[in-house]
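# Observations on the model geometry
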Amino acid sequence: MSSNNLPEAWLRGPVAEVPGLLQPVAHALLQANEEIKKFLEDFPASKLWEKPGGLASVAFHIQHIPGVLDRLFTYAEGQSLSNAQLKYLSEEGLENDELTVDILLQQLGKQIDISIDKLKKTDPSQLTAPREVGRKKLPSTVLGLLFHSAEHTMRHTGQLLATVRIIKAGL
């Protein structure tokens, strides 16, 4: 069965080794990766940084999702962001002609794989453990951060898919 004929990720059963309470996070990340790859088949490189009607560019969304995943999982692990993570954050959305659709999709897929590997190593007994977010050390929990990683990923996936449709309609 090709990936085009498969049901959505959440309807394919559990992701191996991911704790039960974290299955929705894994399913959302896998679904986002598949949908983004599908929608960007044959997407024109010249339109990657276009901002139709002032919307964020397709490139921004594909850059932002891996960055957010990396940052939220870092906080979930009880760590602060590194200088490299802060640098990545500052460069999200800056037009860079060296970034192609293929490179961005590879980065997205790699970060989703890393995130799922981290989910597999997450101790379910620690899901309600408090965590601090950002320089202001705002309160959250491990589960709050992991859930938000899925929710935020899907929010940007939806925005990206709408932007792709708008751009392709204008071709």
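Only a predicted model underlies this, so the values are computations on that prediction, with no experimental measurement involved.

### Remarks on the overall build of the chain
Within the chain, the regular secondary structure consists of 5 helices and 2 strands. Reading the chain from its N terminus to its C terminus gives the helix and strand order α-α-α-α-β-β-α. Taken over C-alpha atoms, the radius of gyration comes to 17 Å for the chain, in line with the 16 Å a tight globule of 171 residues would show. Counting only C-alpha atoms, the chain reaches 50 × 45 × 25 Å along its principal axes.

### Details of the pairing of strand β2 (residues 138-141)
Across 4 bridges, strand β1 (residues 130-133) lies against β2 in antiparallel orientation. Note on β2: the bridge partner recorded for Arg131 is Ser140. Counting the residues in the hairpin turn of β1 and β2 gives 4 residues, including Gly134, whose phi is positive at 75 degrees.

### What to know about the side chain of Gln23
By the element assignment, Gln23 lies in helix α1 (residues 23-39). Taking relative accessible area as the criterion, Gln23 reaches 9% and is therefore assigned buried. One polar contact links the side chain of Gln23 to the main-chain carbonyl oxygen of Val18, over a distance of 2.7 Å. Apart from the residues lying within four places of it in its own chain, the contact partners of Gln23 are Gly13, Pro14, Val15 and Val18.

### Topic: the pattern of salt bridges
Scanning the model with the defined rule gives 6 salt bridges in all. The shortest N-O distance in the salt bridge between Glu92 and Arg71 comes to 2.9 Å. Placement of Glu92 in the loop between α3 (83-91) and α4 (101-120) and of Arg71 in helix α2 (residues 58-76) is noted, with a sequence separation of 21 residues between them. Residue classification places Glu92 among the buried residues on the basis of a relative accessible area of 11%. On the accessibility criterion, Arg71 (9% relative accessible area) is buried. For Arg155, the salt bridge goes to Glu151, with nearest N and O atoms at 2.7 Å. Of this pair, Arg155 and Glu151 are both found in helix α5 (residues 142-169), 4 residues apart, which corresponds to roughly one turn of the helix. A residue is classified by how much of its surface remains accessible, and Arg155, at 38% relative accessible area, is partly exposed.

### What about the nonpolar core?
Counting 42 residues, the largest nonpolar core has Leu40, Phe43, Leu48, Val58, Leu119 and Leu146 as its most contacted members. Of all the elements in the fold, those that place two or more residues in this core are α1, α2, α4 and α5. Of the residues forming this core, the biggest block, 10 residues, is contributed by α2. When neighbours within four sequence positions are excluded, Phe43 is seen to be in contact with Leu48, Val58, Val101, Val164, Ile167 and Lys168.

### What about unusual backbone geometry?
The phi dihedral of Glu17 falls on the positive side, at around 75 degrees, and the residue is not glycine. Look at Lys137: it is not a glycine, yet its phi comes out positive at around 55 degrees. Structurally, Lys137 can be placed in the loop between β1 and β2. Judged by its relative accessible area of 46%, Lys137 falls in the partly exposed class.

### A few points about the side chain of His156
Counting through the fold element by element, His156 comes out in helix α5. Residue classification places His156 among the buried residues on the basis of a relative accessible area of 8%. For His156, the side chain forms a polar contact with the side chain of His61, separated by 2.9 Å. Dropping the residues within four chain positions of it, His156 is found in contact with Phe60, His61, His64 and Ile65.

About the thresholds
- Residues numbered from 1 in each chain as written.
- Predicted model: local features only at pLDDT ≥ 70, side-chain atom pairs only at ≥ 80, totals over all residues.
- Heavy atoms only, no water.
- Helix = DSSP H or I, 4+ residues; strand = E, 2+ residues; numbered from the N terminus.
- Rg over C-alpha atoms; globule rule 2.2 N^0.38 Å.
- Pairing = 2+ DSSP bridges.
- Buried < 20%, exposed > 50% of the residue type's maximum accessible area, 1.4 Å probe, protein only.
- Polar contact = N/O pair within 3.5 Å; in protein donor to acceptor, adjacent residues only side chain to side chain.
- Contact = heavy atoms within 4.5 Å.
- Salt bridge = Lys/Arg side-chain N within 4 Å of Asp/Glu carboxyl O.
- Core = buried A, V, L, I, M, F, W, Y, C linked by side-chain atoms within 4.5 Å.

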